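Summary of the model geometry
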Amino acid sequence: MLPRLHRHPWMDDDIQAFRVLVRKFIEAEYVPHLDSWRRQGFIPRETWRGLAQLGALLPEIDERFGGAGASLAYQLVLTDELARAEMPGSAGIQSIVAHYIAEYGTEEQRARWLPRMVAGELFAGIAMTEPGCGSDLKAMTTRARREGHEYVIDGAKTLITNAFSGNLLVVAARTGDGGGGISLLVVETEGLPGFGLGRRLEKIGLHAMDTSELFFDGVRVPAGNLIGGEEGRGFGQLMGQLPFERILIAVEAAACIERAVELTVAYVGERRLFGKRLAELQNTRFKLAECATAAHIVRSFVNDCTQRLLDGTLDCEAAYMAKWWCTEQRCRVIDECLQLFGGYGFLAEYPIGRMYADARLSRIAGGTTEVMKDLIARRLLG
Ligand SMILES: Cc1cc2nc3c(=O)[nH]c(=O)nc-3n(C[C@H](O)[C@H](O)[C@H](O)COP(=O)(O)OP(=O)(O)OC[C@H]3O[C@@H](n4cnc5c(N)ncnc54)[C@H](O)[C@@H]3O)c2cc1C
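The rules behind each value
Residues numbered from 1 in each chain as written. Predicted model: local features only at pLDDT ≥ 70, side-chain atom pairs only at ≥ 80, totals over all residues. Pairing = 2+ DSSP bridges. Helix = DSSP H or I, 4+ residues; strand = E, 2+ residues; numbered from the N terminus. Near = placed C-beta within 6 Å. Nonpolar A, V, L, I, M, F, W, Y, C, P; charged D, E, K, R; others polar. Domains from an automatic or database assignment. Expected span 1.5 Å × (residues − 1). Buried ≥ 20, exposed ≤ 12 C-beta atoms within 10 Å, placed from the backbone. Arc of directions from axis to C-beta. Contact = placed C-beta atoms within 7 Å. Core = buried A, V, L, I, M, F, W, Y, C linked by C-beta atoms within 7 Å.

It is worth spelling out the pairing of strand E2 (residues 143–147) at this point. The sheet contact formed by E2 and strand E3 (residues 150–161) spans 5 bridges and is antiparallel. What sits directly across from Ala144, in E3, is Ile153. If you look at the hairpin formed by E2 and E3, you'll find 2 residues sitting between the two strands, and Gly148 has a positive phi there, around 60°.

This is how it looks when you write it as C-alpha cells:
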C-alpha cells in the first residue's frame, strides 16, 4: 500500500469511513463478477441498485430528490474506489448526467428524474459525439425540432457509454444554428419508438463498459424534456459541467496509478531471476521510485483540485491541466509498471495488462490531451 502522504482538509473522518464502506462493498459485490461482465461486454443495470441501497450511488444529490445532500467529495471518493477496482467510467457518467439535471433542470425535471437516478432505477449516458463530431462539438448535426408539445429528434450518435446498459440519455441536439443552437434533451430510451441501438462497439480495453452507436429516427419526447426549458443553452450547460467531469477523470488517473504501483511492488518482491528477487535490481528500484513519485505528485494535484472544486474556486485551466497531465502520467506509469512484469504484463489475465489498455481512453475521452493543451494555450497566449 502506498502511503497517502497528504491528508487534505477535505478528507475528514466521515469521508474516510465512506471510502472504507464503499471499498468493502465493491470488493464483495462487484469484483467477483467483473470477469463475466467483461466477457458479456456490459455491466447489468441492476448492478447499480446495490450501490444505491448503500446510499452511495449519487450521494451528492439534494435530500429533496432522494440523495444524501453530501459534498462532491463523496462522489469523488466513489469514483476513486471504482477506478481502483477496475470499474471506471459508468458511475461517473451517471453523476455527470445527474448534475446537468440538478444544475440546469427545472424543479419539475429534478423531481421527475433525480430520485429514480439516485435509486438506480434510471442509469444514464450522455450522447454528444457523432460520426462527424467529437472534439468539434459545434459541428453536431443531430436535430431536435419542436412540434407542438413535443421535440422530434433525428440523427445519429456514436461512442456512447451506458447507452446499451442504461435507460436514460441526455442527448445534445441542434435546435438552431451555430454554437448557440445546441440544446440538451432528456430521453428515456426503453421501448421508445424511433430510437435504435446500433453496434455495441468492440474496444481494446474497458471491456465491461458498453459503448454503442445510436440512431434517432423521428424520436418524440415531451417538450418538457428540454433541460432548463429554454432552447440554445446546451453548449453552455455542457461547458459548465466539464471541469467536474475532468476532475473525475483525474481522480481515476490517481487511483489507477496508485494501484499499478501497488501491484508492481508486490510482483517484483515475488519474482525471482538470476538468483535474486526482481526487486533487488537497481533498475527496478529506480523505476518504482520514479513511479511512486509520480503517484504522489498526481495525488497532490488532484487533492488540490478537489479542494478547490469543493470551495467553488476551481478554474477551468486547473481542470484542463489536471485532465491532460494526470491521464498522461497514468499511461506512462502503467507502461513502466507493465514492463517490470515482463511477458506476464501483456496477458489480459493480469490486472496490469488490462489497466494498460483501459488507461489509453483517458487521454481521449472527456476532451483529448491536445484539446486541453489548446485551451490552456488560448488562456495563456490569447
Ligand atoms: C470508449 C469510449 C467511450 C466514449 N464515451 C462517450 C460518451 O459516453 N459520450 C460521448 O458523447 N462521447 C463519448 N466518447 C467520445 C469521445 O468523447 C471522443 O472520442 C473524443 O471527444 C474525441 O473525439 P473524436 O474521437 O471524434 O476525435 P477527433 O475530434 O476527430 O480528434 C482526432 C485528433 O485530433 C486532435 N485534435 C482535435 N482538436 C484539436 C485541436 N484543437 N488542436 C490539436 N489537435 C486537435 C485530437 O486530439 C485527436 O488526436 C467515447 C469514446 C470512447 C473511445
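Here we take up the site of the ligand. Lining the immediate surroundings of the ligand are 21 residues, of which Met128, Gly134, Ser135, Thr368 and Glu370 lie closest. The residue makeup of the shell around the ligand, split by class, is 11 nonpolar, 7 polar and 3 charged. Per-domain counts for the shell around the ligand show at least three residues from each of domain 2 (125–231) and domain 3 (236–381).

Let us look at helix H1 (residues 13–30). Helix length check: H1 (18 residues) gives 25 Å between terminal C-alpha atoms against 26 Å at 1.5 Å per residue, within 8%. Taken residue by residue, H1 has Phe18, Val22, Ile26 and Tyr30 as its buried positions. All buried residues of H1 lie within an arc of 65° about the axis, which places them on one face of the element. Away from the buried face of H1 by more than 90 degrees, exposed residues Asp13, Gln16, Ala17, Val20, Lys24 and Ala28 are located.

The subject of this paragraph is the domain arrangement of the protein. With domains assigned, the protein is organised as domain 1 (13–123), domain 2 (125–231) and domain 3 (236–381). Inter-centroid distance (C-alpha atoms) of domain 1 to domain 3 is 22 Å. Between domain 1 and domain 3, the residue contacts involve 16 residues of the former and 18 residues of the latter. Those elements that place two or more of their residues in the side of domain 1 that touches domain 3 are helix H4 (72–84) and helix H5 (90–104). Per element, the largest residue contribution to the side of domain 1 that touches domain 3 is 7 residues, and it comes from H4. Looking at the side of domain 1 that touches domain 3 residue by residue, the class counts come to 8 nonpolar, 4 polar and 4 charged.

As for its placement among the helices and strands, Arg299 is situated in helix H8 (residues 282–311). Given 24 C-beta atoms within a 10 Å radius, Arg299 is considered buried.

Turning our attention to H4. Given a rise of 1.5 Å per residue, 13 residues ought to cover 18 Å, and the 19 Å separating the end C-alpha atoms of H4 matches this to within 8%. Of all 13 residues in H4, 11 are buried, a share of seventy percent or more. Considered for burial, the residues of H4 that qualify are Ala73, Tyr74, Gln75, Leu76, Val77, Leu78, Thr79, Asp80, Glu81, Leu82 and Ala83. Count one or two residues on from H4 and you reach Glu86, which has phi positive near 65°.

Okay, the nonpolar core next. A general trend in soluble globular proteins is that nonpolar side chains are found buried together. Membership of the largest hydrophobic core comes to 110 residues, with the highest contact counts inside it found for Ala127, Val170, Leu185, Ala250, Ala260 and Ile334. In terms of residues, this core owes the most to one element, helix H7 (residues 234–270), which gives 15 residues. Setting aside anything within four residues of it in sequence, one finds Leu185 in contact with Ala144, Tyr151, Ile153, Val171, Ala173, Val221, Asn225, Leu226 and Ile227.

Positive phi, close to 60°, is recorded for Leu159, a residue that is not glycine. Residue position: Leu159 is located in strand E3. For Leu159, a count of 19 C-beta atoms within 10 Å gives the class partly exposed.

For the rest of this paragraph, the subject is the pairing of strand E4 (residues 168–174). Taken across its 7 residues, E4 has 7 buried, putting it largely inside the fold. Because side chains alternate across E4, one face comprises the buried residues Leu168, Val170, Ala172 and Arg174, and the other comprises Leu169, Val171 and Ala173, equally buried. Summarising the sheet, strand E1 (residues 124–127) and E4 pair through 4 bridges and their orientation is parallel. Of the residues in E4, the one forming a bridge with Gly125 is Leu169. Across 7 bridges, E4 lies against strand E5 (residues 182–188) in antiparallel orientation. The residue of E5 that forms the bridge with Val170 is Val186.

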